[in-house]
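Fold and contact review
Now for the letters of each chain:
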Amino acid sequence: MAQEAHGALHDLLAVRGVTRRDFLKYCGSVAAMLGLSETMAPQIAAALEGAPKLMPALWLNGGSCTGCTESIAQVDTPDVATIVLDYLSFEYFETIMAAAGSWAEKNITKRAEEGGYILVYEGSVMTGQDGNTLFVGGGPENEGAKKGIEILEEAAANAAAVLAIGSCAVDGGWIAGYPNASEATGVAAWLQKKGIKTPVVSMPTCPVNPEWVVAMVVQLLLVADRDPAKFLQVTPMVEVPYNDPVTGEKVTLLMPKAIYGQTIHDNCPRRGHFENGEFVTELGSKEEAMGYCLYKVGCKGPQTFTQCPVTRWNRRASWCVESGAPCIGCGGLNWVDNNSPFLKRMSDMRIGDTFVQPGTIGAAVGAVAAAGLVLHGIGMKAAGRIGDGPPMEEMKAYDRKRLAKKGGDK
Ligand code: SF4
Ligand code: SF4
(Lines give C-alpha, C1' and ligand atoms only; values in the text may rest on other atoms or scores of the structure.)
(Ligands and ions follow the chains in the order given, each with its own letter.)
Protein backbone atom coordinates (compact mmCIF):
# COMPACT_ATOMS: atom_id res chain seq x y z
CA MET A 1 0.00 0.00 0.00
CA ALA A 2 2.75 2.39 0.97
CA GLN A 3 4.49 1.61 -2.29
CA GLU A 4 1.30 2.36 -4.25
CA ALA A 5 0.87 5.65 -2.43
CA HIS A 6 4.51 6.47 -3.05
CA GLY A 7 3.99 5.86 -6.77
CA ALA A 8 0.76 7.84 -6.81
CA LEU A 9 2.32 10.86 -5.17
CA HIS A 10 5.32 10.69 -7.46
CA ASP A 11 3.12 10.42 -10.53
CA LEU A 12 1.20 13.45 -9.34
CA LEU A 13 4.41 15.39 -8.73
CA ALA A 14 5.90 14.38 -12.09
CA VAL A 15 2.76 15.33 -14.03
CA ARG A 16 2.84 18.76 -12.41
CA GLY A 17 6.53 19.19 -13.17
CA VAL A 18 7.69 19.04 -9.53
CA THR A 19 11.08 17.40 -9.07
CA ARG A 20 12.05 15.23 -6.12
CA ARG A 21 14.47 17.97 -5.12
CA ASP A 22 11.62 20.54 -5.00
CA PHE A 23 9.55 18.12 -3.01
CA LEU A 24 12.28 17.58 -0.41
CA LYS A 25 12.88 21.31 -0.21
CA TYR A 26 9.21 21.79 0.42
CA CYS A 27 9.22 19.13 3.15
CA GLY A 28 12.10 21.03 4.76
CA SER A 29 10.03 24.19 4.91
CA VAL A 30 7.07 22.25 6.33
CA ALA A 31 9.44 20.98 9.04
CA ALA A 32 10.48 24.56 9.80
CA MET A 33 6.85 25.67 10.02
CA LEU A 34 6.16 22.82 12.43
CA GLY A 35 9.04 23.98 14.58
CA LEU A 36 11.11 20.89 13.70
CA SER A 37 14.65 20.73 12.47
CA GLU A 38 14.98 20.78 8.67
CA THR A 39 16.82 17.49 9.02
CA MET A 40 13.32 16.03 9.56
CA ALA A 41 12.53 16.72 5.88
CA PRO A 42 13.24 13.14 4.69
CA GLN A 43 10.98 11.75 7.44
CA ILE A 44 8.18 14.11 6.45
CA ALA A 45 8.69 13.18 2.79
CA ALA A 46 8.62 9.47 3.68
CA ALA A 47 5.47 9.94 5.75
CA LEU A 48 3.74 11.78 2.90
CA GLU A 49 4.83 9.21 0.36
CA GLY A 50 3.85 6.32 2.58
CA ALA A 51 0.51 7.61 3.81
CA PRO A 52 -1.81 4.66 3.21
CA LYS A 53 -4.98 6.71 2.94
CA LEU A 54 -5.52 10.36 3.49
CA MET A 55 -8.07 11.66 5.87
CA PRO A 56 -11.41 12.88 4.58
CA ALA A 57 -11.95 16.59 4.90
CA LEU A 58 -14.76 19.10 4.61
CA TRP A 59 -14.06 22.68 3.60
CA LEU A 60 -16.90 24.97 4.59
CA ASN A 61 -17.39 28.65 3.99
CA GLY A 62 -19.13 31.02 6.35
CA GLY A 63 -19.29 34.74 5.61
CA SER A 64 -16.24 35.06 3.41
CA CYS A 65 -14.83 36.56 0.26
CA THR A 66 -13.38 33.09 -0.55
CA GLY A 67 -9.97 34.75 -0.64
CA CYS A 68 -8.50 31.97 1.49
CA THR A 69 -9.63 29.41 -1.10
CA GLU A 70 -8.21 31.64 -3.83
CA SER A 71 -4.96 31.86 -1.95
CA ILE A 72 -4.64 28.10 -2.10
CA ALA A 73 -6.24 27.36 -5.46
CA GLN A 74 -5.25 30.18 -7.79
CA VAL A 75 -1.59 29.62 -8.42
CA ASP A 76 -0.46 29.87 -12.03
CA THR A 77 1.37 26.58 -11.88
CA PRO A 78 0.46 24.19 -9.09
CA ASP A 79 3.12 24.17 -6.43
CA VAL A 80 3.89 21.41 -4.00
CA ALA A 81 1.53 22.75 -1.34
CA THR A 82 -1.34 22.62 -3.81
CA ILE A 83 -0.46 19.08 -4.76
CA VAL A 84 -0.39 17.95 -1.16
CA LEU A 85 -3.80 19.53 -0.66
CA ASP A 86 -4.98 17.78 -3.84
CA TYR A 87 -3.98 14.61 -2.13
CA LEU A 88 -6.51 15.19 0.62
CA SER A 89 -9.90 13.67 0.21
CA PHE A 90 -12.13 16.73 0.23
CA GLU A 91 -15.70 15.52 0.27
CA TYR A 92 -17.17 18.99 0.27
CA PHE A 93 -15.42 22.14 -0.94
CA GLU A 94 -18.13 24.55 -1.86
CA THR A 95 -16.18 27.07 -3.90
CA ILE A 96 -14.37 24.70 -6.20
CA MET A 97 -16.35 21.45 -6.30
CA ALA A 98 -18.44 20.64 -9.35
CA ALA A 99 -21.37 19.17 -7.43
CA ALA A 100 -24.08 21.53 -6.28
CA GLY A 101 -27.50 21.55 -4.73
CA SER A 102 -29.10 19.48 -2.03
CA TRP A 103 -27.28 16.29 -3.03
CA ALA A 104 -23.94 17.97 -2.49
CA GLU A 105 -25.12 19.35 0.83
CA LYS A 106 -25.98 15.82 1.96
CA ASN A 107 -22.26 14.99 1.83
CA ILE A 108 -21.78 17.17 4.89
CA THR A 109 -24.41 15.32 6.90
CA LYS A 110 -23.15 11.92 5.74
CA ARG A 111 -19.54 12.68 6.61
CA ALA A 112 -20.53 14.26 9.93
CA GLU A 113 -22.36 11.05 10.87
CA GLU A 114 -19.36 8.89 9.95
CA GLY A 115 -16.81 11.09 11.74
CA GLY A 116 -13.01 10.85 11.39
CA TYR A 117 -12.46 13.95 9.27
CA ILE A 118 -10.86 17.38 9.40
CA LEU A 119 -13.08 20.41 9.11
CA VAL A 120 -11.47 23.38 7.41
CA TYR A 121 -13.59 26.47 8.03
CA GLU A 122 -13.11 29.67 6.04
CA GLY A 123 -15.07 32.83 6.75
CA SER A 124 -16.85 34.31 9.69
CA VAL A 125 -19.62 32.76 11.73
CA MET A 126 -22.65 34.90 10.95
CA THR A 127 -24.73 34.88 14.09
CA GLY A 128 -26.83 38.03 13.60
CA GLN A 129 -30.63 37.87 13.62
CA ASP A 130 -30.55 34.43 15.16
CA GLY A 131 -28.24 33.17 12.42
CA ASN A 132 -30.48 34.35 9.59
CA THR A 133 -27.71 36.57 8.21
CA LEU A 134 -26.28 33.54 6.38
CA PHE A 135 -28.44 30.91 4.72
CA VAL A 136 -27.19 28.19 2.41
CA GLY A 137 -29.67 26.87 -0.16
CA GLY A 138 -31.92 29.90 -0.31
CA GLY A 139 -34.00 31.38 2.46
CA PRO A 140 -35.89 29.72 5.30
CA GLU A 141 -38.81 29.09 2.94
CA ASN A 142 -36.75 26.62 0.87
CA GLU A 143 -36.77 22.98 1.86
CA GLY A 144 -33.31 21.81 2.94
CA ALA A 145 -31.97 25.34 3.38
CA LYS A 146 -29.91 25.75 6.51
CA LYS A 147 -28.39 28.56 8.47
CA GLY A 148 -24.62 28.82 8.25
CA ILE A 149 -24.36 28.38 12.01
CA GLU A 150 -26.35 25.12 11.86
CA ILE A 151 -24.04 23.73 9.18
CA LEU A 152 -20.97 24.68 11.20
CA GLU A 153 -22.32 23.09 14.37
CA GLU A 154 -23.28 19.90 12.55
CA ALA A 155 -19.92 19.62 10.82
CA ALA A 156 -17.79 20.58 13.82
CA ALA A 157 -19.41 18.38 16.46
CA ASN A 158 -17.98 15.13 15.13
CA ALA A 159 -14.80 16.38 13.43
CA ALA A 160 -11.39 15.24 14.65
CA ALA A 161 -10.26 18.85 14.60
CA VAL A 162 -11.25 22.18 13.10
CA LEU A 163 -8.80 24.39 11.26
CA ALA A 164 -10.26 27.91 11.42
CA ILE A 165 -8.38 29.50 8.54
CA GLY A 166 -8.14 33.19 7.79
CA SER A 167 -8.96 36.05 10.11
CA CYS A 168 -12.70 35.78 9.44
CA ALA A 169 -12.83 32.30 10.91
CA VAL A 170 -10.68 33.33 13.87
CA ASP A 171 -12.60 36.35 15.17
CA GLY A 172 -14.95 37.47 12.39
CA GLY A 173 -12.20 39.30 10.45
CA TRP A 174 -13.13 42.44 8.52
CA ILE A 175 -16.76 41.31 8.45
CA ALA A 176 -16.80 41.89 12.19
CA GLY A 177 -15.50 45.44 11.71
CA TYR A 178 -17.59 48.23 13.17
CA PRO A 179 -20.61 48.25 13.28
CA ASN A 180 -20.66 44.46 12.73
CA ALA A 181 -24.30 44.45 11.71
CA SER A 182 -24.26 40.72 10.96
CA GLU A 183 -22.73 39.95 14.37
CA ALA A 184 -19.93 38.02 12.74
CA THR A 185 -17.62 36.14 15.03
CA GLY A 186 -15.03 33.36 15.02
CA VAL A 187 -15.33 29.58 15.10
CA ALA A 188 -13.68 28.94 18.48
CA ALA A 189 -15.90 31.38 20.37
CA TRP A 190 -19.06 30.11 18.69
CA LEU A 191 -18.33 26.43 19.29
CA GLN A 192 -17.46 27.14 22.90
CA LYS A 193 -20.78 28.94 23.33
CA LYS A 194 -22.55 25.92 21.85
CA GLY A 195 -20.68 23.47 24.10
CA ILE A 196 -18.91 21.77 21.17
CA LYS A 197 -15.54 20.60 22.39
CA THR A 198 -13.78 19.73 19.12
CA PRO A 199 -10.29 21.28 19.21
CA VAL A 200 -10.03 24.39 17.05
CA VAL A 201 -6.71 25.57 15.65
CA SER A 202 -6.97 29.26 14.78
CA MET A 203 -4.91 30.50 11.84
CA PRO A 204 -5.36 34.24 11.21
CA THR A 205 -4.16 36.50 8.39
CA CYS A 206 -6.26 37.67 5.51
CA PRO A 207 -6.03 35.46 3.55
CA VAL A 208 -4.34 32.61 5.35
CA ASN A 209 -1.02 31.43 3.95
CA PRO A 210 -1.69 28.09 2.21
CA GLU A 211 1.65 26.66 3.28
CA TRP A 212 0.71 27.09 6.92
CA VAL A 213 -2.52 25.18 6.37
CA VAL A 214 -0.64 22.37 4.66
CA ALA A 215 1.88 22.25 7.52
CA MET A 216 -0.94 21.75 10.02
CA VAL A 217 -2.61 19.12 7.87
CA VAL A 218 0.69 17.24 7.60
CA GLN A 219 1.15 17.51 11.34
CA LEU A 220 -2.29 16.09 12.10
CA LEU A 221 -2.24 13.33 9.51
CA LEU A 222 1.28 12.14 9.77
CA VAL A 223 3.08 13.30 12.86
CA ALA A 224 0.06 12.91 15.15
CA ASP A 225 -1.38 9.82 13.42
CA ARG A 226 -4.74 11.60 12.96
CA ASP A 227 -5.22 11.78 16.70
CA PRO A 228 -6.33 15.29 17.72
CA ALA A 229 -5.17 14.83 21.32
CA LYS A 230 -1.72 13.83 20.11
CA PHE A 231 -1.81 16.66 17.59
CA LEU A 232 -2.26 19.18 20.39
CA GLN A 233 0.48 17.45 22.37
CA VAL A 234 3.08 17.47 19.60
CA THR A 235 2.25 20.89 18.14
CA PRO A 236 3.43 23.74 20.36
CA MET A 237 0.65 26.33 20.52
CA VAL A 238 0.45 29.94 21.57
CA GLU A 239 -2.59 30.31 23.81
CA VAL A 240 -4.17 33.66 23.07
CA PRO A 241 -6.88 34.80 25.50
CA TYR A 242 -9.71 36.54 23.68
CA ASN A 243 -12.80 38.21 25.03
CA ASP A 244 -15.26 37.85 22.17
CA PRO A 245 -17.54 40.89 21.96
CA VAL A 246 -20.30 39.09 20.02
CA THR A 247 -20.80 35.94 22.09
CA GLY A 248 -19.43 37.30 25.35
CA GLU A 249 -17.26 34.16 25.55
CA LYS A 250 -13.80 34.30 27.05
CA VAL A 251 -12.01 31.93 24.76
CA THR A 252 -8.44 30.73 24.52
CA LEU A 253 -7.43 30.69 20.87
CA LEU A 254 -4.84 28.07 19.98
CA MET A 255 -2.40 29.22 17.32
CA PRO A 256 0.60 27.16 16.14
CA LYS A 257 3.61 28.67 17.86
CA ALA A 258 6.00 28.10 14.97
CA ILE A 259 3.79 30.35 12.81
CA TYR A 260 2.31 32.80 15.32
CA GLY A 261 5.01 32.91 17.98
CA GLN A 262 7.09 35.82 16.69
CA THR A 263 6.29 39.25 15.35
CA ILE A 264 6.71 40.34 11.76
CA HIS A 265 9.12 42.92 13.17
CA ASP A 266 11.32 40.14 14.65
CA ASN A 267 12.08 38.74 11.21
CA CYS A 268 11.69 41.80 8.99
CA PRO A 269 14.42 42.49 6.42
CA ARG A 270 13.86 46.25 6.99
CA ARG A 271 14.56 45.87 10.70
CA GLY A 272 18.12 47.17 10.43
CA HIS A 273 16.73 50.47 9.16
CA PHE A 274 14.30 50.63 12.07
CA GLU A 275 17.26 50.23 14.43
CA ASN A 276 19.11 52.98 12.60
CA GLY A 277 16.14 55.33 12.67
CA GLU A 278 15.85 55.26 8.87
CA PHE A 279 12.17 55.54 7.97
CA VAL A 280 9.99 55.91 4.90
CA THR A 281 7.78 58.95 5.33
CA GLU A 282 6.09 58.85 1.93
CA LEU A 283 4.99 55.85 -0.10
CA GLY A 284 6.61 55.77 -3.53
CA SER A 285 9.68 57.60 -2.26
CA LYS A 286 13.28 56.59 -2.84
CA GLU A 287 13.54 55.61 0.84
CA GLU A 288 10.83 53.02 0.28
CA ALA A 289 12.73 51.62 -2.70
CA MET A 290 15.90 51.59 -0.59
CA GLY A 291 14.21 49.28 1.87
CA TYR A 292 13.87 51.75 4.76
CA CYS A 293 11.51 50.93 7.62
CA LEU A 294 7.79 51.48 6.98
CA TYR A 295 6.80 52.19 10.58
CA LYS A 296 6.02 55.86 9.97
CA VAL A 297 3.68 55.00 7.10
CA GLY A 298 1.63 52.72 9.27
CA CYS A 299 3.49 49.40 9.50
CA LYS A 300 1.87 47.17 12.12
CA GLY A 301 4.70 44.63 12.03
CA PRO A 302 5.82 45.30 15.62
CA GLN A 303 2.52 44.11 17.09
CA THR A 304 1.56 41.46 14.54
CA PHE A 305 2.48 37.89 15.33
CA THR A 306 2.92 35.94 12.11
CA GLN A 307 5.69 34.30 10.21
CA CYS A 308 5.06 36.13 6.88
CA PRO A 309 8.69 37.26 6.40
CA VAL A 310 9.88 33.65 6.70
CA THR A 311 7.33 31.74 4.63
CA ARG A 312 6.50 34.67 2.36
CA TRP A 313 3.60 34.57 -0.07
CA ASN A 314 2.67 33.67 -3.63
CA ARG A 315 4.96 30.71 -3.88
CA ARG A 316 7.44 32.47 -1.64
CA ALA A 317 7.94 35.26 -4.18
CA SER A 318 7.56 38.13 -1.72
CA TRP A 319 5.34 39.56 1.01
CA CYS A 320 3.76 42.90 1.94
CA VAL A 321 6.70 44.68 3.57
CA GLU A 322 9.23 43.33 1.10
CA SER A 323 7.15 44.67 -1.76
CA GLY A 324 7.07 48.11 -0.14
CA ALA A 325 3.66 48.06 1.57
CA PRO A 326 3.40 48.44 5.33
CA CYS A 327 2.03 45.44 7.19
CA ILE A 328 -1.63 46.20 7.98
CA GLY A 329 -1.69 43.66 10.79
CA CYS A 330 -4.23 41.21 9.34
CA GLY A 331 -2.79 38.50 11.61
CA GLY A 332 -3.94 40.37 14.73
CA LEU A 333 -7.31 40.20 16.45
CA ASN A 334 -10.06 42.69 15.56
CA TRP A 335 -7.51 43.91 13.08
CA VAL A 336 -9.70 46.18 10.97
CA ASP A 337 -10.97 48.28 13.86
CA ASN A 338 -7.69 48.20 15.74
CA ASN A 339 -5.40 48.96 12.83
CA SER A 340 -7.28 51.44 10.67
CA PRO A 341 -6.39 53.83 9.17
CA PHE A 342 -3.93 51.36 7.73
CA LEU A 343 -1.44 53.81 6.29
CA LYS A 344 -1.14 56.05 9.32
CA ARG A 345 1.35 55.66 12.08
CA MET A 346 -0.67 54.42 15.01
CA SER A 347 -0.73 56.36 18.18
CA ASP A 348 -3.25 54.84 20.50
CA MET A 349 -1.84 51.51 21.67
CA ARG A 350 -3.09 50.86 25.14
CA ILE A 351 -0.96 49.33 27.87
CA GLY A 352 -2.90 49.05 31.08
CA ASP A 353 -4.82 52.31 31.30
CA THR A 354 -2.35 54.21 29.17
CA PHE A 355 -2.80 54.73 25.44
CA VAL A 356 0.53 54.84 23.72
CA GLN A 357 0.24 53.07 20.39
CA PRO A 358 -2.12 50.93 18.26
CA GLY A 359 -5.46 49.97 19.80
CA THR A 360 -6.59 46.80 21.48
CA ILE A 361 -4.41 43.96 20.42
CA GLY A 362 -6.72 41.50 22.01
CA ALA A 363 -4.00 39.20 23.30
CA ALA A 364 -1.48 39.05 26.06
CA VAL A 365 1.25 38.40 23.52
CA GLY A 366 0.40 41.72 21.91
CA ALA A 367 0.82 43.49 25.22
CA VAL A 368 4.26 41.97 25.59
CA ALA A 369 5.21 43.18 22.11
CA ALA A 370 3.79 46.60 22.87
CA ALA A 371 5.76 46.85 26.06
CA GLY A 372 8.87 45.70 24.24
CA LEU A 373 8.39 48.23 21.50
CA VAL A 374 7.76 51.06 23.91
CA LEU A 375 10.87 50.14 25.90
CA HIS A 376 12.74 49.86 22.66
CA GLY A 377 11.41 53.25 21.58
CA ILE A 378 12.41 54.79 24.91
CA GLY A 379 15.89 53.40 24.45
CA MET A 380 16.05 54.69 20.89
CA LYS A 381 14.84 58.10 21.97
CA ALA A 382 17.31 58.20 24.85
CA ALA A 383 20.05 57.32 22.41
CA GLY A 384 18.92 60.17 20.18
CA ARG A 385 18.29 57.80 17.29
CA ILE A 386 14.70 58.80 16.60
CA GLY A 387 12.94 62.12 16.43
CA ASP A 388 9.41 63.00 17.53
CA GLY A 389 7.53 60.06 19.00
CA PRO A 390 3.95 59.31 18.09
CA PRO A 391 1.44 61.86 19.34
CA MET A 392 -0.69 60.78 22.27
CA GLU A 393 -4.20 60.36 21.02
CA GLU A 394 -7.53 59.51 22.57
CA MET A 395 -9.22 56.28 21.69
CA LYS A 396 -11.33 56.50 18.57
CA ALA A 397 -14.88 57.52 19.43
CA TYR A 398 -16.46 54.59 17.62
CA ASP A 399 -14.15 52.14 19.42
CA ARG A 400 -15.22 53.60 22.74
CA LYS A 401 -18.92 53.23 21.90
CA ARG A 402 -18.49 49.73 20.54
CA LEU A 403 -16.55 48.52 23.53
CA ALA A 404 -19.00 50.07 25.96
CA LYS A 405 -21.90 48.43 24.12
CA LYS A 406 -20.35 45.00 23.68
CA GLY A 407 -18.26 44.77 26.83
CA GLY A 408 -15.42 43.51 24.62
CA ASP A 409 -11.67 43.79 24.85
CA LYS A 410 -10.77 46.29 27.46
S1 SF4 B 1 -9.75 35.89 5.93
FE2 SF4 B 1 -9.61 37.43 4.32
S3 SF4 B 1 -9.25 36.27 2.44
FE4 SF4 B 1 -9.99 34.78 3.99
S5 SF4 B 1 -12.22 34.73 3.62
FE6 SF4 B 1 -11.85 36.28 5.22
S7 SF4 B 1 -11.72 38.22 4.05
FE8 SF4 B 1 -11.47 36.55 2.58
S1 SF4 C 1 8.17 48.53 11.57
FE2 SF4 C 1 7.53 47.23 9.86
S3 SF4 C 1 8.93 47.72 8.17
FE4 SF4 C 1 9.85 48.50 10.06
S5 SF4 C 1 11.18 46.86 10.71
FE6 SF4 C 1 9.26 46.58 11.79
S7 SF4 C 1 8.08 45.19 10.53
FE8 SF4 C 1 9.76 45.95 9.27
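Before any of the text, the structure's been laid out above.
So, a few notes on the structure that sits alongside this text. (Residues numbered from 1 in each chain as written. Chains lettered and ligands numbered in written order. Predicted model: local features only at pLDDT ≥ 70, side-chain atom pairs only at ≥ 80, totals over all residues. Heavy atoms only, no water.)

**Focus: the pattern of salt bridges**
Short version of the rule: A side-chain nitrogen of Lys or Arg and a carboxyl oxygen of Asp or Glu constitute a salt bridge if their distance falls within 4 Å. Secondary structure elements are taken from DSSP: a helix is a run of H or I of four residues or more, a strand is a run of E of two residues or more, and numbering for both begins at the N terminus. Whether a residue is buried, partly exposed or exposed follows from its accessible area with a 1.4 Å probe, protein chains only, as a fraction of its type maximum: under 20%, in between, or over 50%, in that order.
Under the defined criterion, the tally for this structure stands at 9 salt bridges. Put simply, Arg 271 and Glu 275 hold a salt bridge, and the shortest N to O gap is 2.6 Å. Pair noted here: Arg 271 and Glu 275 are both in helix 13 (residues 271-275), with a separation of 4 residues, about one helical turn. Residue classification places Arg 271 among the partly exposed positions, given a relative accessible area of 23%. Assessed through its relative accessible area of 21%, Glu 275 is described here as partly exposed. Each of Glu 91, Lys 110, Arg 111 and Glu 114 takes part in one network of salt bridges that share partners.

**Topic: the site of ligand 2**
Note the following rule: Working definition: residue near molecule or strand if any one of its non-hydrogen atoms lies within 4 Å of it. With a 1 Å grid laid over protein atoms only, a set of points is called a cavity when a 1.4 Å probe fits there but cannot get out and a pocket when it is open yet has protein on both sides within 12 Å along at least five of seven lines; lining residues have an atom within 4 Å of a point. By definition, a pocket or cavity contains a molecule when more than half of the molecule's atoms lie within 2 Å of the pocket's grid points. Residues are grouped as follows: Ala, Val, Leu, Ile, Met, Phe, Trp, Tyr, Cys and Pro are nonpolar; Asp, Glu, Lys and Arg are charged; all remaining types, including Gly, are polar.
Surrounding ligand 2, one finds 13 residues, the nearest of these being His 265, Cys 268, Cys 293, Leu 294 and Cys 299. Among the detected pockets, ligand 2 sits in the second largest cavity. Looking at the shell around ligand 2 residue by residue, the classes come out as 9 nonpolar, 2 polar and 2 charged.

**A short note on the nonpolar core**
Put simply, the rule reads: The set of buried Ala, Val, Leu, Ile, Met, Phe, Trp, Tyr and Cys residues whose side-chain atoms join them within 4.5 Å is what this entry labels a nonpolar core. Two residues form a contact once any of their heavy atoms are found within 4.5 Å.
Among the nonpolar cores identified, the biggest contains 91 residues, and Leu 119, Leu 152, Ile 165, Val 187, Met 203, Trp 212 and Leu 253 are the most heavily contacted of them. Here this core gets 10 residues from one element, more than from any other, and that element is helix 10 (residues 210-223). When near neighbours in sequence (up to four residues on either side) are disregarded, Trp 212 contacts Met 33, Met 203, Pro 204, Thr 205, Ile 259, Tyr 260, Thr 306, Gln 307, Cys 308, Thr 311 and Trp 313. If you look at the next biggest cluster of nonpolar residues, it comprises 6 residues, including Met 126, Cys 168, Ile 175 and Ala 184.

**Here's the deal with the packing of helix 2 (residues 20-33) against helix 10**
Rule in force here: Here an axis means a line fitted to C-alpha atoms, over the contact stretch when the element is a helix, while the angle between two N-to-C directions is reported on a 0 to 180 degree scale. We call two directions roughly parallel when the angle between them is under 35 degrees, roughly antiparallel when it is over 145, roughly perpendicular when it lies between 65 and 115, and oblique otherwise.
Contact geometry for helix 2 and helix 10: axes closest at 9 Å, N-to-C directions at 80°. On the basis of their axis angle, the class for helix 2 and helix 10 is roughly perpendicular. Of the residues in helix 10, those in contact with Tyr 26, Ser 29, Val 30 and Met 33 of helix 2 are Glu 211, Trp 212, Val 214, Ala 215 and Val 218. In terms of residue class, the contact of helix 2 with helix 10 is built from 7 nonpolar, 1 polar and 1 charged.

**Focus: the site of ligand 1**
The environment of ligand 1 is formed by Ser 64, Cys 65, Gly 67, Cys 68, Glu 122, Gly 166, Ser 167, Cys 168, Trp 174, Thr 205, Cys 206 and Pro 207. Among the elements that take part in the shell around ligand 1, helix 8 (residues 166-171) stands out by supplying 3 residues, more than any other. Per-class residue counts for the shell around ligand 1 are 6 nonpolar, 5 polar and 1 charged.

**Regarding the environment of Glu 113**
Along the chain, Glu 113 turns up in helix 6 (residues 102-114). Sequence separation between Glu 113 and Ala 159 is 46 residues, and the spatial gap between their C-alpha atoms is 9.6 Å.

**Let's talk about the packing of aromatic side chains**
Note the following rule: Two aromatic rings, drawn from Phe, Tyr or Trp (for Trp, its six-membered ring), form a pair once their centres lie within 6.5 Å of each other, and the interplanar angle then sorts them: stacked below 30 degrees, edge-to-face above 60, tilted otherwise.
On inspection of all chains with the given rule, the structure shows 9 aromatic pairs. Ring centres of Trp 59 and Phe 93 lie 4.2 Å apart, and the angle between their planes is 10°; on these two criteria the pair is classed as stacked. With a gap of 34 residues between them, Trp 59 in strand 1 (residues 56-61) and Phe 93 in strand 2 (residues 89-93) connect regions that are remote in the sequence. The class for Trp 59 is buried, based on a relative accessible area of 0%. Between Trp 212 and Tyr 260 the ring centres are 5.6 Å apart and the planes differ by 75°, which places this aromatic pair in the edge-to-face class. Of this pair, Trp 212 sits in helix 10 while Tyr 260 is found in helix 12 (residues 257-260), placing the two residues 48 residues apart along the sequence. Tyr 260 matches Trp 212 in its accessibility class, with the two residues each being buried. Cluster of aromatic residues (ring-pair linked, three or more members): Trp 59, Phe 90 and Phe 93.

**Quick notes on unusual backbone geometry**
With an omega of 0°, the peptide bond between Cys 206 and Pro 207 qualifies as cis. Within the element layout of this structure, Pro 207 appears in the loop between strand 9 (200-203) and helix 10. In this model, Ser 340 is joined to Pro 341 through a cis peptide bond whose omega is 0°. Tracing the sequence through the fold places Pro 341 in the loop between helix 16 (335-339) and strand 12 (350-351). Unusually for a residue other than glycine, Arg 312 sits at a positive phi of about 65°. Considering the arrangement of structural elements, one finds Arg 312 in the loop between helix 15 (308-311) and helix 16. Using a relative accessible area of 24% as the deciding quantity, one classes Arg 312 as partly exposed. The backbone of Asn 334 sits at a positive phi, close to 50°, despite the residue not being glycine.

**Focus: the packing of helix 6 against helix 7 (residues 148-157)**
In contact at an axis separation of 8 Å, helix 6 and helix 7 are set at 30° when each is read in the N-to-C sense. For the element pair helix 6 / helix 7, the angle class is roughly parallel. For the pair formed by helix 6 and helix 7, the contact residues are Ile 108, Thr 109 and Ala 112 on the first element and Ile 151, Glu 154 and Ala 155 on the second. Of the residues in the contact of helix 6 with helix 7, the class split is 4 nonpolar, 1 polar and 1 charged.

**A closer look at empty space enclosed by the protein**
Convention followed: Grid points are joined across faces, edges and corners, and a volume is the space filled by probe spheres set on the points.
On inspection of all chains with the given rule, the structure shows 9 cavities of 30 Å³ or more. Counted as a void, the second largest cavity has a volume near 90 Å³. Together, 13 residues line the second largest cavity, and His 265, Cys 268, Cys 293, Leu 294 and Cys 299 are the ones closest to its centre. Split by residue class, the lining of the second largest cavity holds 9 nonpolar, 2 polar and 2 charged.

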